[in-house]
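# Structure assessment
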Amino acid sequence: DSGTFLGLGTVTGSVAIHIAFSLQRLYYVKEAHGIVVTDVAFVPESRPGRELLGGHEAALLSVAVDSRCKLHLLPTRRSLPVWLLLLLCAGLIVATILLLQLALPGFL
């Protein structure tokens, strides 16, 4: 609905969700259906859609030739804030210098 993700259903019944701009695969279920997936659709980002999503980033409905419909939920991706990453790098540099100073006195 927002153009962020791409849903894919295959002839073998597999279902996948990719990032639209890079085609990186985020979610994949091999043979989610026993037969050809005929349609996939993302749950809209409306109020009822957000209630269905809960804490998930996206939800994809898939339908197969056997008339079964399945809901696939994409978990929210976790990432580190940039400031935390920089703090960890600085801490690693300081720790390395201190260990070198202990191992090789007069190093600096």
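Just so it is clear, the model here is predicted, and its values are computed rather than measured. (Residues numbered from 1 in each chain as written. Predicted model: local features only at pLDDT ≥ 70, side-chain atom pairs only at ≥ 80, totals over all residues. Heavy atoms only, no water.)

This brings us to the UniProt feature "transmembrane region" (unreviewed entry) in the protein chain. Under the present numbering, the feature "transmembrane region" (unreviewed entry) in UniProt falls on residues 6-23 and 80-104. The distance from the first to the last C-alpha atom of residues 6-23 is 8 Å, and the span holds 0% helix and 50% strand. With 88% helix and 0% strand, residues 80-104 has end C-alpha atoms that lie 34 Å from one another. (UniProt positions renumbered as here; feature names shortened; annotations may be inferred. Helix = DSSP H or I, 4+ residues; strand = E, 2+ residues; numbered from the N terminus.)

Spatial ordering of the open sheet is given by 1-2-3, a layout of three strands whose pairing is antiparallel. What marks the edges here is a single partner per strand, and that holds for strand 1 (5-9) and strand 3 (25-29). On average, each strand axis in the sheet is inclined to that of its neighbour by 10°, with strand direction left out of account. Sheet topology note: the strand 2 (residues 15-19)/strand 3 ladder contains four bridges and is antiparallel. (Pairing = 2+ DSSP bridges. Axes fitted to C-alpha atoms, helices over the stretch in contact; angles between N-to-C directions.)

Bringing the packing of aromatic side chains into the picture now. Across all of its chains, the model carries zero aromatic pairs by this definition. Residue placement shows R25 over the ring face of Y28; its charged tip is 4.4 Å from the ring centre. (Phe/Tyr/Trp six-rings, centres within 6.5 Å; stacked < 30°, edge-to-face > 60°. Lys NZ or Arg CZ within 6 Å of the ring centre and 35° of its normal.)

Quick look at unusual backbone geometry now. With phi around 50°, E31 is a residue other than glycine that occupies positive phi space. Tracing the chain through its elements places E31 in the loop between strand 3 and strand 4 (37-42). In this model, S67 sits at a positive phi of 70°, which is unusual for a non-glycine residue. Within the secondary structure, S67 is located in the loop between strand 5 (58-64) and strand 6 (69-74). Judged by relative accessible area, S67 falls into the exposed class, the value being 65%. (Buried < 20%, exposed > 50% of the residue type's maximum accessible area, 1.4 Å probe, protein only.)

On to the environment of P44. Here P44 shows up in the loop between strand 4 and helix 1 (47-53). Taking the relative accessible area as the measure of exposure, P44 reaches 42% and is therefore partly exposed. The sequence separation of P44 and A58 amounts to 14 residues, and the corresponding C-alpha distance is 9.1 Å.

One key point about sheets: their strands pair by backbone hydrogen bonds, in either a parallel or an antiparallel sense. Reading across from one edge, 4-5-6 is the order of the three strands in this open sheet, with antiparallel pairing throughout. Across the chains shown, the open sheet's two edge strands, defined by having one partner strand only, are strand 4 and strand 6. Here the strands of the sheet are splayed against their neighbours by 20° on average, with no regard to which way each runs. When strand 4 meets strand 5, the two strands line up antiparallel, connected through five bridges. Bridge pairing in strand 5 places A41 opposite L61.

This brings us to helix 2 (residues 82-103). Taking 1.5 Å per residue, 22 residues should reach 32 Å; helix 2 reaches 32 Å between its end C-alpha atoms and fits that length. Little of helix 2 is tucked away, with zero of its 22 residues classed as buried. (Expected span 1.5 Å × (residues − 1).)

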